[in-house]
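Descriptive analysis of the structure
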Amino acid sequence: MYDYALYGSSLNTLGTLGLIALVLAIVATVLAFIFIVPAKRRDQMGKFGKFLHDTCNFRYLIIEKILQALYIFATALTILIGFFMLFCTDWNGWMGGKGILLMILGPIGVRVTYELLMMAVLAVKNIISINNKLRNQNGDAAAPDIFSPDMSNLKDAFGKKEAPVQAAPAAPQATVAPAAPVAPAEPAQPQQENDAQ
């Protein structure tokens, strides 16, 4: 016999533990934003702290390696399933033809899919590279990174009211003397044909 009270008890425990996990996750997020994310604290950190800082500030992309591993896995899986289909039958008969098609077209489809995904990743990497080159070219090594904006002045910005900006006085316009009136041209006299010929 199954004890339904035990099942209900485990659901209550799971709900309680889930609520505790939610509160701890919020605390961990706040602590990470205080101690790990700020760029000014990176120099004071050890190796693991710098790794966490770089990970939280997206200094490198993990998804590129994950997509590469998934591509290799999906290609191998497609080829192996197609190979094993050579030895199987279904209600239509031998599945070898479908297996051969899967071994040929499957890797092509997987490659096209992962190339489309990698285009987005490579675009982001190129944008980051261009941003870094422009920053180095301008000699501004301390310029803010697009992935870690400086929010230290955010509190001050909300607390202060800026004085309204006054419009600059308009530049005086040069006066132009009116042009002398032009006399209307006299209409040309139509030539009369000589009917005396």
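Residues numbered from 1 in each chain as written. Predicted model: local features only at pLDDT ≥ 70, side-chain atom pairs only at ≥ 80, totals over all residues. Heavy atoms only, no water.

Brief notes about the overall build of the protein chain
- For the protein chain, the helix and strand inventory stands at 5 helices and 2 strands.
- Taken from the N to the C terminus, the helices and strands of the protein chain come in the order α-α-α-β-β-α-α.
- Put simply, 40% of the contacts in the protein chain that link residues at least 6 apart link residues at least 24 apart.
- On the protein chain, roughly 17,200 Å² of surface is accessible, and the fraction owed to carbon and sulfur atoms is 67%. (Helix = DSSP H or I, 4+ residues; strand = E, 2+ residues; numbered from the N terminus. Contact = heavy atoms within 4.5 Å. Areas by Shrake-Rupley, 256 points an atom, 1.4 Å probe, with all protein chains shown as cover.)

What to know about unusual backbone geometry
- The phi dihedral of F58 is positive, around 55°, even though this residue is not glycine.
- Its location among the elements puts F58 in the loop between α2 (47–56) and α3 (63–85).
- Owing to a relative accessible area of 52%, F58 belongs among the exposed residues under this scheme. (Buried < 20%, exposed > 50% of the residue type's maximum accessible area, 1.4 Å probe, protein only.)

A word on the packing of aromatic side chains
- If you walk through the whole model with that rule in mind, you get 4 aromatic pairs.
- Grouped by ring-pair contacts, the aromatic residues F83, F84 and F87 constitute a single cluster. (Phe/Tyr/Trp six-rings, centres within 6.5 Å; stacked < 30°, edge-to-face > 60°.)

Things to note about the side chain of R135
- Locating R135 in the fold gives a position in helix α4 (residues 96–137).
- Residue R135 is classed as buried on the basis of its relative accessible area of 14%.
- Among the polar contacts made by the side chain of R135, one reaches the side chain of N132 at a distance of 3.1 Å. (Polar contact = N/O pair within 3.5 Å; in protein donor to acceptor, adjacent residues only side chain to side chain.)

Here's the deal with the nonpolar core
- Grouped together as the largest cluster of nonpolar side chains are 6 residues: L67, A74, V110, Y114, M118 and V121.
- Looking at this core, the elements that each hand over two or more residues are α3 and α4.
- Of the residues forming this core, the biggest block, 4 residues, is contributed by α4.
- Leave out the neighbours within four places in its chain, and V110 touches Y71, A74, T75 and T78. (Core = buried A, V, L, I, M, F, W, Y, C linked by side-chain atoms within 4.5 Å.)

Re α2
- Restricting attention to buried positions, one finds in α2 the residues G49, H53 and D54. Along the axis of α2, the buried residues cluster in a sector spanning 135°; they form a single face. Opposite the buried face of α2, by more than 90 degrees, sit the exposed residues K47 and F48.
- Among the residues trailing α2, F58 stands out with phi positive, at a value near 55°. (Arc of directions from axis to C-beta.)

With respect to a nonpolar patch on the surface
- A cluster of nonpolar side chains, contributed by L19, L22, V23, I26, V27, V30, L31, I34 and F35, occupies part of the molecular surface with about 810 Å² of accessible area.
- With respect to the secondary-structure elements, V30 resides in helix α1 (residues 4–35). (Patch = residues over 30% accessible without salt bridge, like charges linked within 9 Å, V, L, I, M, F, W, Y side chains within 5 Å. Salt bridge = Lys/Arg side-chain N within 4 Å of Asp/Glu carboxyl O.)

A few points about the pattern of salt bridges
- Evaluation of the coordinates by the stated rule reveals 3 salt bridges.
- Between R42 and D54 there is a salt bridge whose closest N-O contact spans 2.8 Å. Taken as a pair, R42 in the loop between α1 and α2 and D54 in helix α2 lie far apart in primary sequence, 12 residues in all.
- Put simply, R111 and E115 hold a salt bridge, and the shortest N to O gap is 2.7 Å. Of the two residues, R111 and E115 are both situated in helix α4; the distance of 4 residues between them amounts to about one turn of the helix.

Looking at the side chain of T78
- With respect to the helices, strands and loops of the structure, T78 is situated in helix α3.
- In terms of polar contacts, T78 uses its side chain to reach the backbone carbonyl oxygen of A74, at 2.7 Å.
- Beyond its immediate sequence surroundings of up to four residues, T78 is in contact with L102, G106, P107 and V110.

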